[in-house]
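For reference, the chains in residue letters:
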Amino acid sequence: MSDATKRSLLAHAREAFATRGYGATSLDDVAAAAGATKGAVYHLFDGKVGLSEAVIRQIHDEVEARVEALRDRSPEAGLLTILRTYLECLLDP
């Protein structure tokens, strides 16, 4: 499986989880939207739980990168700025 397929599945799963919720999101829908098969989801992520864990890891990595960029750019920005940025990321669907 290609990295492009994996990225596409993650993007479509992330969108579906955010708009429909975990319970209402089916692997068939995610796979179809990504132009992949349900088997590809199982191969790459070991099912819906693995896919949701990958989405959560992806979001965590993005939040961490934003906070680190803030810290590197402005060490004196303070804890409040870093926490505000972290919360903004968490609230962004």
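Residues numbered from 1 in each chain as written. Predicted model: local features only at pLDDT ≥ 70, side-chain atom pairs only at ≥ 80, totals over all residues. Heavy atoms only, no water.

S.K.: I tried to follow helix H2 (residues 27-34) on my own but got confused; where do I start?
M.R.: In an α-helix, one turn spans 3.6 residues, which is why side chains three or four residues apart end up on the same side. Burial in H2 covers these residues: Leu27, Val30, Ala31 and Ala34. All buried residues of H2 lie within an arc of 95 degrees about the axis, which places them on one face of the element. Glycine 35 lies just past H2 and shows a positive phi near 70 degrees. (Buried < 20%, exposed > 50% of the residue type's maximum accessible area, 1.4 Å probe, protein only. Helix = DSSP H or I, 4+ residues; strand = E, 2+ residues; numbered from the N terminus. Arc of directions from axis to C-beta.)

S.K.: What is the right way to read the pattern of salt bridges from this model?
M.R.: Pairing is possible between side chains that carry opposite charge, provided their charged atoms lie close to one another. The full count for this structure, using the stated rule, is 3 salt bridges. A salt bridge links glutamate 62 to arginine 14; its shortest N-O distance comes to 2.8 Å. With a gap of 48 residues between them, glutamate 62 in helix H4 (residues 48-73) and arginine 14 in helix H1 (residues 3-20) connect regions that are remote in the sequence. For aspartate 29, the salt bridge is made with arginine 20, and the minimal N-O distance between the two is 3.3 Å. (Salt bridge = Lys/Arg side-chain N within 4 Å of Asp/Glu carboxyl O.)

S.K.: I'm lost on a nonpolar patch on the surface in this one. Help?
M.R.: A cluster of nonpolar side chains, Tyr86, Leu87 and Leu90, forms an exposed patch at the surface whose accessible area comes to about 280 Å². Tracing the chain through its elements places leucine 87 in helix H5 (residues 79-91). (Patch = residues over 30% accessible without salt bridge, like charges linked within 9 Å, V, L, I, M, F, W, Y side chains within 5 Å. Areas by Shrake-Rupley, 256 points an atom, 1.4 Å probe, with all protein chains shown as cover.)

S.K.: Hey, could you run me through the nonpolar core in this one?
M.R.: One recurring pattern in soluble globular proteins is that nonpolar side chains are buried together. Formed by 14 residues in total, the largest nonpolar core has its most connected members in Leu9, Leu10, Ala13, Val30, Val41, Phe45 and Leu51. Of all the secondary structure elements, the ones that give two or more residues to this core are H1, H2, helix H3 (38-45) and H4. Top contributing element to this core by residue count: H1, with 5 residues. When near neighbours in sequence (up to four residues on either side) are disregarded, phenylalanine 45 contacts Lys6, Leu9, Leu10, Gly50, Leu51 and Ala54. (Core = buried A, V, L, I, M, F, W, Y, C linked by side-chain atoms within 4.5 Å. Contact = heavy atoms within 4.5 Å.)

Shape is all these values report; function is a separate question.
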